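Residue strings, one per chain:
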Amino acid sequence: MSKQINVGLVGAGWLSWQHIQGYRKLDGVKVLAICDINEALLNKIADEYNIPKRFTKYTDMLALDKLDAISVCTPNYLHVPQTIEALESGKHVICEKPLSVNAEEAEKIVKPLEKSKKVFMIAQIMRFLNESKYLKQLINKNELGKIYYAKAKYLRRHGIPGIGSWFTTKKYSGGGSLIDCGVHILDQVWWLMGCPEPVEIFGSTYAEFGPRGLRDSGFGVSRNRTASFDVEDLATGIIKFNNAATLFLEVSWALNIINEENSVSGSLFGTEGGAQLSPLRLVKYIDGYPNIIEPKISQNNVFDEEIKHFIDCIRNNKEPMATLKHAITMMKMLDGIYKSASTGKSVNLKEGQNK
Ligand SMILES: NC(=O)c1ccc[n+]([C@@H]2O[C@H](COP(=O)([O-])OP(=O)(O)OC[C@H]3O[C@@H](n4cnc5c(N)ncnc54)[C@H](O)[C@@H]3O)[C@@H](O)[C@H]2O)c1
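Nothing here was measured: the structure is a model prediction, and the numbers come from that model.

## Thoughts on the packing of aromatic side chains
Tallying each qualifying case throughout the model produces six aromatic pairs. Residues W14 and F303 carry aromatic rings whose centres are separated by 6.1 Å and whose planes lie at 75° to one another, so their mutual orientation is edge-to-face. Linking W14 in helix α1 (residues 14–24) with F303 in helix α10 (residues 302–316), this pair joins segments that are 289 residues apart in sequence. Overall, the relative accessible area of 43% leaves W14 in the partly exposed class. Classification of F303 as buried rests on a relative accessible area of 14%. Between the NZ or CZ atom of K136 and the centre of the ring of W191, over which it lies, the distance is 4.9 Å. For K170, the ring lying beneath its charged end belongs to Y338, and the centroid distance is 4.3 Å.

## Structural notes on the domain arrangement of the protein
As assigned here, the protein comprises domain 1 (5–125 + 303–322) and domain 2 (146–270 + 332–354). Domain 1 and domain 2 are separated by 25 Å when their C-alpha centres are compared. At the boundary of domain 1 with domain 2, total buried surface from both sides reaches about 1,400 Å², with 63% on carbon and sulfur atoms. The shortest N-O distance in the salt bridge between D180 and K97 comes to 3.2 Å. Counting the contacts that link domain 1 with domain 2 gives four residue pairs in polar contact (both at pLDDT 80 or more). Taken together, the residues that form the side of domain 1 that touches domain 2 break down as nine nonpolar, five polar and three charged.

## A look at the packing of helix α9 (residues 177–192) against helix α11 (residues 324–343)
At their nearest, the axes of α9 and α11 sit 11 Å apart, and the two run at 125° to each other. The pairing of α9 with α11 is recorded here as oblique in orientation. Taken as a pair, α9 and α11 cross one another with a handedness that is right-handed. Contact residues: α9 offers L178, I179, V183, L186, D187 and W190, while α11 offers H326, T329, M330, M331, M333, L334, I337 and Y338. Of the residues belonging to the contact of α9 with α11, the class tally is 11 nonpolar, two polar and one charged.

## Things to note about a nonpolar patch on the surface
Together, Y148, Y149 and F269 give the surface a local cluster of nonpolar side chains, amounting to about 260 Å² of exposed area. By secondary structure assignment, the location of F269 is in strand β11 (residues 264–270). According to the relative accessible area criterion, F269 is partly exposed, its value standing at 30%.

## Focus on the sheet that holds strand β5 (residues 92–96)
Sheet architecture is open: six strands sit in the order β3-β2-β1-β4-β5-β6, paired in parallel fashion. Lying at the two open borders of the sheet, with one neighbouring strand each, are β3 (53–55) and β6 (120–123). Strand-to-strand twist across the sheet, computed as the mean angle between neighbouring axes with direction ignored, equals 20°. Here strand β4 (residues 69–72) pairs with β5 via four bridges, running parallel. Bridge assignment links A69 to a residue of β5, and that residue is H92. Across the sheet, α10 touches β1 (5–10), β2 (29–35), β4, β5 and β6, and the angle it forms with β5 is around 155°.

## Quick notes on the environment of L155
Residue placement: L155 occurs in strand β7 (residues 147–155). Along the chain, L155 and E260 lie 105 residues apart, while their C-alpha atoms are 7.5 Å from each other. Residue contacts for L155: discarding those within four places in its chain leaves E250, V251, S252, L255, I257 and S263.

What counts and how
Residues numbered from 1 in each chain as written. Predicted model: local features only at pLDDT ≥ 70, side-chain atom pairs only at ≥ 80, totals over all residues. Heavy atoms only, no water. Phe/Tyr/Trp six-rings, centres within 6.5 Å; stacked < 30°, edge-to-face > 60°. Helix = DSSP H or I, 4+ residues; strand = E, 2+ residues; numbered from the N terminus. Buried < 20%, exposed > 50% of the residue type's maximum accessible area, 1.4 Å probe, protein only. Lys NZ or Arg CZ within 6 Å of the ring centre and 35° of its normal. Domains from an automatic or database assignment. Buried area = accessible area lost by both parts, 1.4 Å probe. Salt bridge = Lys/Arg side-chain N within 4 Å of Asp/Glu carboxyl O. Polar contact = N/O pair within 3.5 Å; in protein donor to acceptor, adjacent residues only side chain to side chain. Nonpolar A, V, L, I, M, F, W, Y, C, P; charged D, E, K, R; others polar. Axes fitted to C-alpha atoms, helices over the stretch in contact; angles between N-to-C directions. Parallel < 35°, antiparallel > 145°, perpendicular 65-115°, else oblique. Left-handed = near helix turned anticlockwise from the far one by under 90°. Contact = heavy atoms within 4.5 Å. Patch = residues over 30% accessible without salt bridge, like charges linked within 9 Å, V, L, I, M, F, W, Y side chains within 5 Å. Areas by Shrake-Rupley, 256 points an atom, 1.4 Å probe, with all protein chains shown as cover. Pairing = 2+ DSSP bridges.

Here you go:
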């Protein structure tokens, strides 16, 4: 029997509940501690799940020698400092998406991670969908051929996560729909493309509903509504990669779309076949005729799978499938879209300047 792994969480909001449920399903894993500055929430979650130790100060939780790993589940601007503190205290870390509020901040984790020799994983759940994993296997077997074009969309008609909360305040979130939802679908499609290096980015952002107080979804459990709305509610982008492939991205919290069904999807177009998900569908030419194939892939709980993978990496000293390098490149793509949107020009990542 391997050693018990003791986990602590920082942040007791909606997302922490998903992580806790994942840990509780695993043998030899104990949720030992949780920390939140909101005592009412902290006590609610700690009571419900019988978590023995509760803290309102993160450094006090990190001082627990028995803790092996931390789930960082706080607002985006805290991800980098809290991850660094955890690594420096000798803990493994799984950090919620997005890694940071920008790439420059994200890079600060590189050295502390190297020094710590601990596991760091970015929580990109869409890689853990059974459909994603199945399609990745097909792509690795070259079933789609060379993928040269892809599309990623995550469109909500009415879904701003709390106008006036940290989500809609740039200094706490880093941005709006793009950094919140776009990071999911962009990561899924980019990972399926083989994580090519982005070289040129053109983007646009709009804020047509949030500033007027419209399209609030009321998501979340703990949102303090004292802050502002200074982020986007729609972002679009075109990303060109070093293998000449192009990706088109569109993501909204609020947009007058006709059909909200299938409004979250990724498409990959290759020289030998194409794929769209979710649900997964493939197009392949067989004897000169196009065949639309609909594999029946069972659904799975992505949070459980992600947490299981994190624990497996700790136990077996493995590199997670969602690494720090991936997360930093993701932040560069998001930064590129924001920068291009503000200047009206494309951003060349190789030169690090606008064209
Ligand atoms: N993977 C997903 O599908 C998914 C879904 C939702 C949220 N998220 C991510 O998870 C993170 C948390 O989101 P959420 O929806 O749970 O937000 P939330 O606002 O519901 O919860 C955040 C919690 O952090 C606490 N907090 C703030 N400052 C703190 C500090 N200094 N120390 C300790 N606790 C502090 C708040 O009191 C709050 O309870 C975000 O980064 C978000 O992007 C991911």
